[in-house]
Amino acid sequence: MKSKKDVVKNEYHEKALALRKSNKIISIKMFDKYDDENTKITFTNIVFVFFICAVIGFLVETAFVFLAYGKFVNRGMTYGPYCTIYGVGGVILYLFFHNVKPKKANIPYTFISTALVMGAFELVSGLILKHVFGIEMWNYDKEFLPILHYTSVPVMIGWGILATLYVFFVQPLLLKIISLLPKNITKRLAIIIIIIYTLDLGFSTLNIYTNPEVLYKLVNPDI
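Cut-offs used in this document
Residues numbered from 1 in each chain as written. Predicted model: local features only at pLDDT ≥ 70, side-chain atom pairs only at ≥ 80, totals over all residues. Heavy atoms only, no water. Helix = DSSP H or I, 4+ residues; strand = E, 2+ residues; numbered from the N terminus. Buried < 20%, exposed > 50% of the residue type's maximum accessible area, 1.4 Å probe, protein only. Core = buried A, V, L, I, M, F, W, Y, C linked by side-chain atoms within 4.5 Å. Contact = heavy atoms within 4.5 Å. Polar contact = N/O pair within 3.5 Å; in protein donor to acceptor, adjacent residues only side chain to side chain. Phe/Tyr/Trp six-rings, centres within 6.5 Å; stacked < 30°, edge-to-face > 60°. Expected span 1.5 Å × (residues − 1).

Peer 1: Tell me about unusual backbone geometry, residues and numbers included.
Peer 2: Despite not being glycine, L148 has its phi angle at roughly 55°, a positive value. With respect to the element layout, L148 can be found in the loop between β1 (146-147) and β2 (151-152). Here the phi dihedral of H149 falls at roughly 80°; this positive angle occurs in a residue that is not glycine. By the secondary structure assignment, H149 is in the loop between β1 and β2. Residue class for H149 comes out partly exposed when judged on its relative accessible area of 38%.

Peer 1: Residue-level account of the nonpolar core, with values.
Peer 2: Counting 21 residues, the largest nonpolar core has V49, L93, F97, Y166 and V167 as its most contacted members. Of all elements in the fold, only α2 (43-69), α3 (84-97), α4 (107-133), α5 (153-180) and α6 (183-210) reach the threshold of two or more residues within this core. Ranked by residue count, the leading element in this core is α5, at seven residues. Contact partners of F97, with chain neighbours within four places excluded, come to Y109, S113, T114, V167 and Q171.

Peer 1: An account of the environment of E122 is requested, with residue identities and associated values reported.
Peer 2: With respect to the secondary-structure elements, E122 resides in helix α4. Judged by relative accessible area, E122 falls into the buried class, the value being 8%. The residues touching E122, leaving out its near neighbours within four places in the chain, are W138, Y140, Y150, T151, V155 and W159. Side-chain polar atoms of E122 contact the side chain of Y140, separated by 2.8 Å.

Peer 1: Quick rundown of the packing of aromatic side chains? Include the residues and the values.
Peer 2: Per the stated rule, a full pass over the model turns up four aromatic pairs. Between the aromatic rings of F51 and Y82, the centroid separation amounts to 6.2 Å while the plane-to-plane angle is 55°, which identifies the pairing as tilted. Of this pair, F51 sits in helix α2 while Y82 is found in the loop between α2 and α3, placing the two residues 31 residues apart along the sequence. The partly exposed category is assigned to F51, whose relative accessible area is 30%. Put simply, the rings of F50, F51, Y82 and Y197 touch in pairs and so form one group of aromatic residues.

Peer 1: So what about α2? Which residues, and what values?
Peer 2: With 27 residues, α2 ought to run about 39 Å at 1.5 Å a step, and its terminal C-alpha atoms sit 39 Å apart, in line with that. G70 lies just past α2 and shows a positive phi near 75°.

Shown next as structure tokens:
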């Protein structure tokens, strides 16, 4: 004979299944996701997502500075053409939302979740840059509803919109392209990318600590 607890549990699962079929979301546990082998988190996907997003971030930052100040400036803290913060952001979205189905019913949860996750990431990144490297690349104190200097409510909303578009459209495309590459090649490339980036990061960090003017040019691209 079933206990009262088991009966309540079964009723809950039956209701959850019915809501899934009707594409309604009432909690994170019932968030509609893919559930197959192709959506599992893998080491090579993490490396490639990091690298591709870092390069895209570098191109975006470089283009922005060029349009604003009319000159090319390396906005990354490394020698190579990539911005680490964008790569880490891409990996965070991959880890949390790699198997999200791009369905209309998932938009509210994805928007709210990515806004909170990316807002927290931007805040932590700003604090680390300030207290570890001694630089302040952004500050929202003069903006509307700032949160601890390095993020704000409007910025979090913007992150939510951009990240939702990324999760629904860009990330599936990236993962599809990566999946088309031969497995033996992707693993070797992933290892090569890690070695190159680790060496670059080490030399770049040493250069930043021994040459303060590098940070000044990074924070002040208009000079």
